[in-house]
Amino acid sequence: MKKILFLVAMSVMLGACVPSEDNKIKVDETPGVFKFSDLNRYMNFHTIMTDQKISQKIMSKVDTVNQYSFGLASDIRQLRHGKVSSVLVKTKYYFPKLGDASVVCTVTKNDKVLYWEAMQLNSKVALKKWSEIEKIFDFKKTYTGDEKLSVYVWSPKGNTMYLEELAVTPTE
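Here the residue numbering is sequential within each chain, running from 1 through the sequence in written order. Totals for whole chains, interfaces and linings use all residues, but because this is a predicted model, local features are given only for residues with pLDDT of at least 70 and pairs of side-chain atoms are given and counted only at 80 or more. Side-chain figures throughout are based on the complete set of non-hydrogen atoms in the structure, without hydrogens or water.

1. Some remarks on the side chain of Ser102
So, step 1. Here a strand is any run of E in DSSP of at least two residues, a helix any run of H or I of at least four, and the numbering for each starts at the N terminus. Within the secondary structure layout, Ser102 lies in strand S6 (residues 102-109).
So, step 2. Pairs of N or O atoms within 3.5 Å make up the polar contacts considered here, provided that, within protein, one atom can donate a hydrogen while the other can accept it, and that residues adjacent in sequence are counted only when both atoms are side-chain atoms. Here the side chain of Ser102 touches Gln120 through a polar contact of 3.4 Å, side chain to side chain.
So, step 3. When near neighbours in sequence (up to four residues on either side) are disregarded, Ser102 contacts Ala118, Met119, Gln120, Leu121, Tyr152, Val153 and Trp154. Any two residues having at least one pair of non-hydrogen atoms within 4.5 Å are treated as being in contact.

Right, dumping it as structure tokens:
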């Protein structure tokens, strides 16, 4: 029974962490479709949890044990056919106490970092309440296929925070 509940929980969380079709940006996949074969597109499953006191939804917990949240990690060609020059990232976040964490976007190839940018999350705004952010990470260069895109939240000091509904939209 626990395995079934875990799989249901994973499908809900993964449905929230897929490339989306917001702002009339064309995406080659249907958002919200979960396929078990797509599990290799995601990372840090062990951070997924539920806590009814914080949210009715499934979330990823970042803390001193796990400094990196659940996130997207995929070859660009798996996300979008053609060129990708930026990604739109939307998420909701919550801090139980003041702290530091950032949304991180990277593009790598053959273990070499081609692009890295982080956006600081404001723990004062999200102190004991859910806040939303939206950010376009502009690569200043176009990538076409075998590069790997990763998007996640990082708390370098191990501050506790929660993340839900991570949506990543690659754009041309």
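Next comes the rest of the account.
2. Describing the sheet that holds strand S1 (residues 42-43)
So, step 1. Here, any two strands with at least 2 DSSP bridges between them count as paired. Sheet architecture is open: 5 strands sit in the order S1-S4-S9-S6-S7, paired in antiparallel fashion. A single partner strand is all that each edge strand has here, and the edge strands are S1 and strand S7 (112-120).
So, step 2. Where S1 meets strand S4 (residues 71-75), 2 bridges bridge the pair, whose relative direction is antiparallel. Bridge assignment links Tyr42 to a residue of S4, and that residue is Leu72.

3. Details of the pairing of strand S10 (residues 161-171)
So, step 1. Burial here depends on accessible area, computed with a 1.4 Å probe over protein chains only, as a share of the maximum for the residue type. Under 20% is buried, over 50% is exposed, and the range in between is partly exposed. In terms of burial, S10 is largely enclosed, as 10 of its 11 residues are buried.
So, step 2. Sheet topology note: the strand S3 (residues 55-62)/S10 ladder contains 3 bridges and is antiparallel. Following the sheet pairing, Val62 is matched in S10 by Met161.

4. Some details on the sheet that holds S3
So, step 1. A sheet is described by the order of its strands in space; here 5 strands give the open sequence S2-S3-S10-S5-S8, paired in antiparallel fashion. Here the strands that pair on one side only, and so sit at the sheet edges, are strand S2 (48-51) and strand S8 (131-143). Taken pair by pair, the neighbouring strands of this sheet meet at an average axis angle of 40°, ignoring direction.
So, step 2. Bridge count for strand S5 (residues 84-94) against S8 is 9 bridges, and the pairing is antiparallel. The residue of S8 that forms the bridge with Leu88 is Ile136. Axis definition: a line fit to C-alpha positions, over the contact stretch in the case of helices; interaxial angles, taken between N-to-C directions, run 0 to 180 degrees.

5. Here's the deal with the nonpolar core
So, step 1. We call a set of buried Ala, Val, Leu, Ile, Met, Phe, Trp, Tyr and Cys residues a nonpolar core when their side-chain atoms join them within 4.5 Å. Counting 32 residues, the largest nonpolar core has Leu121, Phe137, Phe139 and Leu149 as the members making the most contacts within it.
So, step 2. Those residues in contact with Leu149, other than ones at most four positions away along the chain, are Leu72, Ala73, Ser74, Ile76, Leu79, Val87, Cys105, Thr106, Val107, Phe139 and Val168.

6. Let's talk about the pattern of salt bridges
So, step 1. The rule for a salt bridge is simple: a side-chain nitrogen of Lys or Arg has to be within 4 Å of a carboxyl oxygen of Asp or Glu. Across all of its chains, the model carries 9 salt bridges by this definition.
So, step 2. Its salt-bridge partner being Lys57, residue Glu165 comes within 1.9 Å of it at the nearest N-O pair. Placement of Glu165 in strand S10 and of Lys57 in strand S3 is noted, with a sequence separation of 108 residues between them.
So, step 3. What makes Glu165 partly exposed here is its relative accessible area of 27%.
So, step 4. Ionic pairing is found between Lys157 and Asp100, a salt bridge with its closest N-O pair at 3.1 Å. Residue Lys157 is found in the loop between strand S9 (148-154) and S10, and its partner Asp100 is found in the loop between S5 and S6; the two are separated by 57 residues along the sequence.
So, step 5. Residue classification places Asp100 among the partly exposed residues on the basis of a relative accessible area of 27%.

7. Topic: the environment of Leu166
So, step 1. Mapped onto the elements of the fold, Leu166 is located in strand S10.
So, step 2. Leu166 gets classed as buried once you look at its relative accessible area, which sits at 4%.
So, step 3. Spatially, the C-alpha atom of Leu166 lies 5.8 Å from that of Lys90, the residues being 76 residues apart in sequence.

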